[in-house]
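Below, each chain spelled out in residue letters.
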Amino acid sequence: MRTKITAHSGSEGTPDNSLEFVRYALSLPCDALEADIHMDPGSGVLALGHDGLDEDSPRLSEVFSLLAEHPVMQINCDLKERGLEEPVYQLAEKYAVTDRLQYSGSVDWKLVAGSRLMAHDVTVLLNAEEVIPGFYEMAKRDLREAEACFPELIAVCTEWKIPVLNIHYRTAGKKTRELLREAGVGLSVWTVNREEDMEPFLREEIWSLTTRRPAAALRLRGSIQ
């Protein structure tokens, strides 16, 4: 399986969550681009922003409009607040891009699994902290303690038919990668920017790799896979 390369928001020095970034990502043969999603509480408009929105935040509708012109590219919608699963999906329907949606971040995976439409179209990338709050603080204290949580994470993926676990690359050690492979759960790692860190994941053909250096990742993938 060829590893998907996802362009992280702000790749190659473009502004984070900008249309400049989106256009740059779409100019490359990446498999996906990432967008951080919020909803404006006053208007209900979905827009891009990591910690919140301002008057210059691009609307998600603008991104979907650009995405519709590139029929192979997927989009990892990193949901930054609760309750965005259905609004994002409904907006994607207007641009005929529902079959290219990935959801990460604050995702109610039970809602997605229970929706006949969303479950068919959307790929859920389960974030560890959605199951185990404080997972990354734990990993900073003691990586072995965090590694002991992976059977629980795998059990959730198996029970709810979640295809991919989405974790920071430093928590994806050899033992963890072996457990995921044995369980048939895909591995998505973020944010891998150094080529020497990318290489082992590409050699193992994990499900996806998110990076701020997508051009370098694509070149390296081409030489390995």
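Heads up: the structure comes first, above all this text.
This report concerns the structure included in the present document. Keep in mind that this is a model prediction, so the values were computed, not measured. (Residues numbered from 1 in each chain as written. Predicted model: local features only at pLDDT ≥ 70, side-chain atom pairs only at ≥ 80, totals over all residues. Heavy atoms only, no water.)

For the structure on display, the rule yields 13 salt bridges. Close ionic contact of lysine 80 with aspartate 78 constitutes a salt bridge, the shortest N to O distance being 3.3 Å. Of the charged contacts in the structure, one is a salt bridge between arginine 194 and glutamate 196, with a shortest N-O distance of 3.6 Å. When salt bridges with common partners are traced through the structure, they connect Arg2, Asp31 and Arg221 into a single cluster. (Salt bridge = Lys/Arg side-chain N within 4 Å of Asp/Glu carboxyl O.)

Next up on the list: the nonpolar core. Across soluble globular proteins, nonpolar side chains show a tendency to be buried alongside one another. If you look at the biggest cluster of nonpolar residues, it comprises 70 residues, and the most contacted ones within it are Ile37, Phe64, Val88 and Tyr103. Apart from residues no more than four positions distant in its own chain, phenylalanine 64 is found in contact with Ile75, Val88, Leu91, Ala92, Tyr95, Val97 and Leu101. (Core = buried A, V, L, I, M, F, W, Y, C linked by side-chain atoms within 4.5 Å. Buried < 20%, exposed > 50% of the residue type's maximum accessible area, 1.4 Å probe, protein only. Contact = heavy atoms within 4.5 Å.)

Buried residues dominate strand β2 (residues 32-39), accounting for seven of its eight residues. When β2 meets strand β4 (residues 74-79), the two strands line up parallel, connected through six bridges. Its bridge partner being in β4, isoleucine 37 is matched across the sheet by leucine 79. Turn length for the β2-strand β3 (residues 46-48) hairpin, with the two strands adjacent in sequence and antiparallel, is six residues, and the turn residue glycine 44 shows positive phi of about 80 degrees. (Helix = DSSP H or I, 4+ residues; strand = E, 2+ residues; numbered from the N terminus. Pairing = 2+ DSSP bridges.)

Keep in mind these numbers describe shape, not what the thing actually does.
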